[in-house]
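Each chain, letter by letter, is given below.
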Amino acid sequence: MSESIHGHQVMEMMADSAKTYTRSALKADIVARFGETARFHTCMGSDLSADDLIDFLAAKGKFVESEQGISMPEDHLC
């Protein structure tokens, strides 16, 4: 099994890109950067897929969702 990636790395990727994503585009960038089989963890969860991580970050208010899509302002990084 590969090493688990902390969700903060995904948040940093989003902030650095300054992109506004759809959920499918965000997942595609996560897969492109970390791999199809990557697993993620946070302070509150482990063994998360990319979809699970996106849902978790959304539920915790870690990124901004609007009609334009999903973005990660740098001030949302913890």
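Residues numbered from 1 in each chain as written. Predicted model: local features only at pLDDT ≥ 70, side-chain atom pairs only at ≥ 80, totals over all residues. Heavy atoms only, no water.

Student: Pulling in residues and values, what's your account of the environment of Arg23?
Tutor: Note that Arg23 resides in helix α2 (residues 23-34). Put simply, Arg23 and Ile70 are 47 residues apart on the chain and 7.3 Å apart in space, counted from C-alpha to C-alpha. When near neighbours in sequence (up to four residues on either side) are disregarded, Arg23 contacts Ile54, Asp55, Ala58, Glu65 and Ile70. Engagement of the side chain of Arg23 in a polar contact is seen with the side chain of Asp55, the distance being 2.9 Å. (Helix = DSSP H or I, 4+ residues; strand = E, 2+ residues; numbered from the N terminus. Contact = heavy atoms within 4.5 Å. Polar contact = N/O pair within 3.5 Å; in protein donor to acceptor, adjacent residues only side chain to side chain.)

Student: Tell me about the pattern of salt bridges, and name the residues and values.
Tutor: Under the counting rule described, the total for this entry stands at five salt bridges. Here Lys19 ties to Asp29 by a salt bridge, and the two come within 2.9 Å at their closest N and O atoms. Here Asp29 lies in helix α2 and Lys19 lies in the loop between α1 (7-17) and α2, a separation of 10 residues in the sequence. The partner of Glu65 in a salt bridge is Arg23, with the nearest N and O atoms 3.5 Å apart. Highlighted residues: Glu65 in strand β3 (residues 64-66) and Arg23 in helix α2, separated in sequence by 42 residues. Look at Glu65 and you get partly exposed, because its relative accessible area is 44%. A relative accessible area of 35% means that Arg23 is categorised as partly exposed. One network of salt bridges, in which partners are shared, links Arg23, Asp55 and Glu65. (Salt bridge = Lys/Arg side-chain N within 4 Å of Asp/Glu carboxyl O. Buried < 20%, exposed > 50% of the residue type's maximum accessible area, 1.4 Å probe, protein only.)

By themselves, these are just geometric observations and shouldn't be taken as functional.
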